[in-house]
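Residues per chain are reported as follows:
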Amino acid sequence: QVQLVESGGGLVQPGGSLRLSCAASGITFSRYELRWYRQAPGKERELVAGITSFTSGTRTTYAESVKGRVSISRDDAKNTVYLQMNSLKPEDTAVYYCYSRFIRLEYWGQGTQVTVSS
């Protein structure tokens, strides 16, 4: 059974930091492209960041709204992907979801709430 379990969300003040984690089980983790999405109330789900491993290294992508403030990384030995978020803003408030894809296999986590508020 495949599971993606996010953790690390919570309430943080503007300007603060959080690190989200997504632990995977039931998949050959290193083969998968990994992404973080978020969905704010009343809005569509949007891509935040993605990371893909190649034999020559990794490639990362970021939404324009988070570039310079967010960093995605992966630890294939721990089957875990991370999202380090700094200089958080109220507009970063959303449920953050972990997503994995390998060819036509796609899996989602259940989400973790991030609230940025004073």
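Criteria and thresholds
- Residues numbered from 1 in each chain as written.
- Predicted model: local features only at pLDDT ≥ 70, side-chain atom pairs only at ≥ 80, totals over all residues.
- Heavy atoms only, no water.
- Phe/Tyr/Trp six-rings, centres within 6.5 Å; stacked < 30°, edge-to-face > 60°.
- Lys NZ or Arg CZ within 6 Å of the ring centre and 35° of its normal.
- Helix = DSSP H or I, 4+ residues; strand = E, 2+ residues; numbered from the N terminus.
- Contact = heavy atoms within 4.5 Å.
- Core = buried A, V, L, I, M, F, W, Y, C linked by side-chain atoms within 4.5 Å.
- Buried < 20%, exposed > 50% of the residue type's maximum accessible area, 1.4 Å probe, protein only.
- Pairing = 2+ DSSP bridges.
- Axes fitted to C-alpha atoms, helices over the stretch in contact; angles between N-to-C directions.

Caption draft 1: Molecular detail of the packing of aromatic side chains. Tallied over the full model, the rule gives six aromatic pairs. Through successive ring pairs, a cluster of aromatic residues spans Tyr 37, Tyr 97, Tyr 99 and Trp 108. The cationic tip of Arg 45 hangs over the ring face of Tyr 97; the distance from NZ or CZ to the ring centre is 3.8 Å. The positively charged end of Arg 45 is found above the aromatic ring belonging to Trp 108, 4.7 Å away from the centroid.

Caption draft 2: View of the environment of Gln 13. Relative to the helices and strands, Gln 13 resides in the loop between strand 2 (10-12) and strand 3 (18-25). A sequence separation of 47 residues divides Gln 13 from Thr 60, and the C-alpha atoms of the two residues are 27 Å apart. With residues up to four places along the chain from it excluded, the contact list for Gln 13 reads Val 116 and Ser 117.

Caption draft 3: Broad picture of the nonpolar core. One finds Trp 36, Val 48, Val 81, Leu 83, Met 85 and Tyr 96 to be the most contacted residues of the largest nonpolar core, which totals 28 residues. Those elements giving two or more residues to this core turn out to be strand 3, strand 4 (33-39), strand 5 (46-54), strand 7 (70-75), strand 8 (80-85), strand 9 (94-102) and strand 11 (112-116). Per-element accounting of this core gives the leading share, four residues, to strand 3.

Caption draft 4: Just the sheet that holds strand 8, in detail. Here we have four strands laid out as an open sheet, ordered 1-3-8-7, and antiparallel in their pairing. Two strands in the sheet have a free side with no partner beyond their single neighbour: strand 1 (3-7) and strand 7. For this sheet the average axis-to-axis angle between neighbouring strands, irrespective of direction, equals 15°. Bridging between strand 7 and strand 8 involves six bridges; their strand directions are antiparallel.

Caption draft 5: Region of interest: the pairing of strand 5. In this structure, strand 4 lies alongside strand 5, joined through five bridges in antiparallel fashion. Residue pairing across strands places Arg 38 opposite Glu 46, the latter belonging to strand 5. Between the end of strand 4 and the start of strand 5, which pair antiparallel, lie six residues, with Gly 42 showing a positive phi angle near 75°. Here strand 5 pairs with strand 6 (residues 57-62) via six bridges, running antiparallel. Among the inter-strand pairings, Ser 53 is bridged to a residue of strand 6, identified as Thr 58. Linking two consecutive strands that pair antiparallel, namely strand 5 and strand 6, is a turn of two residues.

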